[in-house]
Amino acid sequence: MSTEAAPAKKSRGVAGQVPAGLHQAQAVDWVSDAGLMGLFLILTCLLGAFPLKDTDFWWHLRTGDLIRGGAPIPRVDDYTYTVAGTPWIDLHWLFQLGLSWGYNYGGVTLLNVIKCGITALAVFLLVTSRRRGLPLWVTLLAWLPALYVLSGRMYIRPETLSLLFLSVYVAVLMRWDRRPKLAFALIPTQILWVNSQGLFILGPVLLVFALVDALLRPGSLDEAKLPWWKTIASVTVGVGLACLVNPYGLAGALYPLTLFFGTMSNPIFSRTIGELESIPSFIAKNGLTNSPPLIVHLATIVVGALSFLVPIFWLAWTRVRDRSLNKAMAKVNDLGPTAKKPKKAPRKGAEAVASWRLSPFRFLLYVAFSALSLQASRNTHQFAAMVGSLTAWNFAEWASAVTARRARLGLGTSATVPRIFVAGLLALAIGLVGSGVLHRWSGEGRTVALGEEPLWFPHEAVKFAGGDGMPGKFLAYHIGHPSLYEYYFAPEKKVFADARLEVMGAEHYGKYVELQSLITGNKPAWQGEMAAAGLPVVLVDHENNSQVGATLNGQGGYRCVWFDPIAAVYVHSSVSGKPAVDFAARHFRPSPETTPNGVEALRASARALRYHASAMLEQGRGGPARPLILLGLDYARRIVEADPSNVEGWKQLALLEVIRNPVPPSSRISRSRFRFDPLIDLGSARVIYLLNKTLERTGDEFTPLFTLAGTALGRNMNETGLDAAERLLKLTPINPTQRNSQQSLKPSLSQVRASMGPEPSLTWSNLGQLDGLVSDLLDRGRIAAAADVLERADRPEARPWDRADQAASLRLALGDPAGARALWLSAVGNTRPALLLARVGATYYVEGNLEGAKLAFAEALTNEPRLFDAAYGLALVEQDNGHAGPAVDAARLAVEVAPDDTARRAAYQIQELAGPFGSPLK
């Protein structure tokens, strides 16, 4: 019923019947509210319809499968070989049974649908727990921020059932004044809860808060209330006893306290696991401005506080206002009946706001759940449910009080426009979620779907790691991936550690983290620790642990035997029959079995290879890194060839070329003062070109900008580097790495500006002044200005080779191969056509046109068979193309005609890498 409608008793006609108009208004109100509720629940389901990413899913599923198959509910750990036999209180067993059943009949899709349905039911119970007659549009509007926060943890996890049980508690506690016997529903709810998740402790906590609230009400201990208290006392005892109804008895009932004050209180967990880190700690390290979910979370806390403060201040204001109106009424009465009277004031201020009061129950909920949410991000589910509910109750009751007051003052009270507004807002939100706009804004990488997240779970790598001939001991660096191994192979094969932190304990988890640190740092002690761990098979995810993989790849007796877009697998040399992955063979002799399928798989593989190669280079292992870089470039090129507008393809090409062509140790040396040297300048020019191409497509994105700034400044290209650095400093960092990167650039920029000097005059009167001006510009790192001066020095049809060569070299260094090619082709007086063709071939190579580069270099060699620039360029092109035989032939020629040892070594590296796959080495 609309809160604006007059009470039915006052609207009856002569015969005591309700006028037809009132029935019609009530029907319209009901339909309107039903429509709003429907939109809200659709939004809830849509927010929960995202692919499965939670790695805990798999060990829960395996445990449920085992229980359904007749195994007893776990009491000791049987999944690890390191802490086997440790007591395991698995209060999730009922959830796990349901998970197993759902997965058996409909897989992840069915379970996601069920999750969305349970969440929608829980939200429906919470929303409808408000007192009757309150405006639903206010309730839903106040709920929206909390719903967004709630969606962040809408996982297929036991906490989804906890949300449902929590909502049942709220629905009962909000009604138990009028229907005390309804409270008996809390006992079976508590029994189900205690056998689904350790958060069952929240049920008794809510019950205690509600009892405190009931006790603090006026007349709470009157004799008339004794029957109510007897009923509630019975329920309270029943809920307490229900906590004991679990397979572990008292140990299970005390489990949450043991976990909270014992195992999980160790700071090692909050330091190393993101969802256990406190929000203040996260903000201190990462900042706030670029984390929309966190901003909305904090805003929800603020709005929750306002839902208490606004009604309180309004209550104070109405009392002052009513007192003034009553005094005015008294003065008017004294003046006589002919005086103009003010609007009639409410009889008492308290009557005007009788529908709102400061509830201890709500205040306790707000403080407790807000504090809980600040402690760790994994608590946002329960926080959003409770703070969203009480915020909505407070604002809805306040709005009802405002409406009642306005009606008594004879002011308008229509709710039609607000309802239409909220309906439009909900429809807009549904559109934003369904189109993916909201998920992109959130930055969490979600999509609207119901299955597994593509390229997230390393199914094939795990199956290989647990296959025939592999060790029965498994170590993974991503702590979630042992869950998948357990799903496929537990309890027959066992893991070193997994994400069941309550089973691992702080001590063993600390050993796991310490071993990771030793391997990441390539410290000698890691080999002994791995031997002590039983030389397990090791699975490493690429996204977060590539440094571990880089160390294990060919060191300490370990070798990589599997590498896919998600993860790599490593075994010790004592394991026979598992050949190492030959990354060079995948480049020179690709096969469908090892080639990623699809753009996303290519992107993930290119990025993974870049991560591993970069880590190897940091360890000083440039040789083993080279095949990985070439293979990564293969995959990135395939992305760009399939879709030239694909940002990720260009980005991976650029970043892979950066690690293949690092800034030389003698940084700040201006290569631009020297003629073009393919050995030094070809890779550098390609890096600048690709970074520019990437930024054309991404705009001012942090990583390409930072890389461009560092690359250009390291080569004394001050104009380019300074422009990129200044654009970079305007960006807001989203993590400590970006913030530190910005800080590392700032000190050098003032030196760069000083070395560039004031804007120079670009005029000259003779060739001597021209040479001096160009030399000065190059010394100051004003490469673009120097190129402009050289280009304007001559008419295009009369540009001599020397100046054209210098200007073109500068254009190529700036990442403008087309401009460089035009300059070289326009030159007159060149006595070496082969050199011109080699320069043209270089421009095609920088552009990534390998076929054009190959033809130009080959033609140059036809004209001048012993030209190193052409031989080396052709070897480089054929190597990148994966043509081993031609690469070896061209590299062998380049070795023969190399002008110095540096050039000879560079050519021989190509010959050595391609040799096993082409012509035999001599």
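The structure we're discussing is the one just above.
Parameters at a glance
- Residues numbered from 1 in each chain as written.
- Predicted model: local features only at pLDDT ≥ 70, side-chain atom pairs only at ≥ 80, totals over all residues.
- Heavy atoms only, no water.
- Helix = DSSP H or I, 4+ residues; strand = E, 2+ residues; numbered from the N terminus.
- Expected span 1.5 Å × (residues − 1).
- Contact = heavy atoms within 4.5 Å.
- Polar contact = N/O pair within 3.5 Å; in protein donor to acceptor, adjacent residues only side chain to side chain.
- Patch = residues over 30% accessible without salt bridge, like charges linked within 9 Å, V, L, I, M, F, W, Y side chains within 5 Å.
- Areas by Shrake-Rupley, 256 points an atom, 1.4 Å probe, with all protein chains shown as cover.
- Salt bridge = Lys/Arg side-chain N within 4 Å of Asp/Glu carboxyl O.
- Buried < 20%, exposed > 50% of the residue type's maximum accessible area, 1.4 Å probe, protein only.
- Phe/Tyr/Trp six-rings, centres within 6.5 Å; stacked < 30°, edge-to-face > 60°.
- Lys NZ or Arg CZ within 6 Å of the ring centre and 35° of its normal.
- Axes fitted to C-alpha atoms, helices over the stretch in contact; angles between N-to-C directions.
- Left-handed = near helix turned anticlockwise from the far one by under 90°.
- Nonpolar A, V, L, I, M, F, W, Y, C, P; charged D, E, K, R; others polar.
- Pairing = 2+ DSSP bridges.
- 1 Å grid on protein atoms, 1.4 Å probe; cavity = no way out; pocket = protein on both sides within 12 Å on 5 of 7 lines; lining within 4 Å.
- Points joined across faces, edges and corners; volume = space filled by probe spheres on them.

Enquirer: Looking at this model, I keep getting lost on helix H40 (residues 901-914). Mind explaining?
Expert: In an α-helix, one turn spans 3.6 residues, which is why side chains three or four residues apart end up on the same side. Look at H40: 20 Å from first C-alpha to last across 14 residues, which is about the 20 Å you get at 1.5 Å a residue. Taken together, the buried residues of H40 touch helix H24 (583-588), helix H26 (622-642), helix H28 (678-698), helix H38 (868-881) and helix H39 (884-897). Taking the backbone nitrogen of Thr 902 as reference, a side-chain oxygen 3.2 Å away marks Asp 900 as the first, capping residue of H40.

Enquirer: Please clarify how a nonpolar patch on the surface should be interpreted in this entry.
Expert: Taken together, Val 237, Leu 241, Leu 244, Leu 250, Leu 254, Leu 257, Phe 260 and Phe 261 make up a surface patch of nonpolar side chains, about 790 Å² in accessible area. Counting only elements with at least two residues in the nonpolar patch, the list comes to helix H8 (226-242) and helix H10 (255-261). Along the polypeptide, Val 237 turns up in helix H8.

Enquirer: Please clarify how helix H27 (residues 647-660) should be interpreted in this entry.
Expert: Look at H27: 20 Å from first C-alpha to last across 14 residues, which is about the 20 Å you get at 1.5 Å a residue. With 11 of 14 residues buried, H27 lies mostly within the body of the structure. All buried positions along H27 are accounted for by Gly 649, Trp 650, Lys 651, Gln 652, Leu 653, Ala 654, Leu 655, Leu 656, Glu 657, Val 658 and Ile 659. Buried residues along H27 sit against helix H25 (599-618), H26, H28 and helix H29 (702-714). You can read the cap of H27 off the contacts: a side-chain oxygen lies 3.0 Å from the backbone nitrogen of Glu 648, and it is on Asn 646.

Enquirer: Please clarify how the pattern of salt bridges should be interpreted in this entry.
Expert: Any two side chains of opposite charge can pair, on the condition that their charged atoms come close. Scanning all chains against the criterion turns up 38 salt bridges. Of the charged contacts in the structure, one is a salt bridge between Lys 494 and Asp 78, with a shortest N-O distance of 3.0 Å. Of this pair, Lys 494 sits in strand E2 (residues 494-495) while Asp 78 sits in the loop between helix H2 (56-68) and helix H3 (93-127), placing them 416 residues apart in sequence. Here Arg 782 makes a salt bridge to Glu 759, at a shortest N to O gap of 3.6 Å.

Enquirer: Sorry if this is basic, but what is going on with the environment of Leu 163 here?
Expert: Inspection of the secondary structure assignment puts Leu 163 in helix H5 (residues 158-173). As a C-alpha pair, Leu 163 and Ala 385 span 222 residues in sequence and 7.5 Å in three-dimensional space.

Enquirer: Sorry, what's going on with the packing of aromatic side chains here?
Expert: A ring pair, where both rings are aromatic, is described by two values, the distance of the centres and the angle of the planes. Applying the stated criterion across every chain yields a total of 34 aromatic pairs. Ring centres of Tyr 81 and Phe 496 lie 6.2 Å apart, and the angle between their planes is 70°; on these two criteria the pair is classed as edge-to-face. Residue Tyr 81 is located in the loop between H2 and H3, and its partner Phe 496 is located in the loop between E2 and helix H21 (501-520); the two are separated by 415 residues in the primary sequence. Its relative accessible area of 21% is what places Tyr 81 among the partly exposed residues. Note on Trp 228 and Trp 229: the rings are 5.0 Å apart at their centroids and 90° apart in plane angle, and the pair reads as edge-to-face. Each member of the pair, Trp 228 as well as Trp 229, is classed as buried. One aromatic cluster in this structure is built from Phe 57, Trp 58, Tyr 103, Phe 457, Phe 474, Tyr 485, Tyr 487, Tyr 488 and Phe 489. Looking at Lys 225, its charged tip hangs above the ring of Trp 228, at a distance of 4.6 Å from the centre. The ring of Trp 88 carries Arg 500 above its face, with NZ or CZ at 4.5 Å from the centroid.

Enquirer: Just checking my understanding: could you explain the packing of helix H7 (residues 202-216) against helix H15 (residues 360-375) for this structure?
Expert: Two numbers describe a pair of packed helices, the interaxial angle and the distance between the axes. Contact pair H7 / H15: the axes reach a minimum separation of 8 Å and the direction vectors enclose 145°. Read as a crossing pair, H7 and H15 show a hand that is right-handed. Between H7 and H15, the contacting residues are Leu 202, Leu 206, Phe 209, Ala 210, Val 212, Asp 213 and Leu 216 on the first element and Pro 360, Phe 361, Leu 364, Leu 365, Ala 368 and Phe 369 on the second. Taken together, the residues of the contact of H7 with H15 break down into 12 nonpolar, no polar and one charged.

Enquirer: Just checking my understanding: could you explain the pairing of strand E3 (residues 537-541) for this structure?
Expert: If a strand is regular, its side chains alternate between the two faces of the sheet. Of all five residues in E3, five are buried; the element is thus mostly enclosed. In E3, alternate side chains face the same way, and those of Val 537, Leu 539 and Asp 541 on one face and Val 538 and Val 540 on the other are all buried.

Enquirer: For this particular structure, what's the right way to read the pairing of strand E5 (residues 567-572)?
Expert: Across the six residues of E5, six count as buried, placing the element largely inside the fold. Across the two faces of E5 the burial is the same, with Ala 567, Val 569 and Val 571 and Ala 568, Tyr 570 and His 572 all buried. Alignment of E3 against E5, held across four bridges, turns out to be antiparallel. By the bridge assignment for E5, Val 540 is matched with Ala 568. In the sheet, strand E4 (residues 558-563) pairs with E5 via five bridges, with the strands oriented antiparallel. Considered in E5, the bridge of Tyr 558 is made with His 572. Here E4 folds back onto E5 in antiparallel fashion, the turn holding three residues.

Enquirer: Any chance you could explain empty space enclosed by the protein here in plain terms?
Expert: Any empty space left between the atoms is revealed when a probe the size of a water molecule rolls over them. Following the criterion strictly, the structure yields three cavities of 30 Å³ or more and no others. What the largest cavity holds in volume is close to 50 Å³. Lining the largest cavity, in full, are Phe 50, Pro 51, Leu 52, Lys 53, Asp 54, Asn 112, Lys 115, Met 154, Tyr 155 and Ile 156. Grouping the constituent residues of the lining of the largest cavity by class yields six nonpolar, one polar and three charged.

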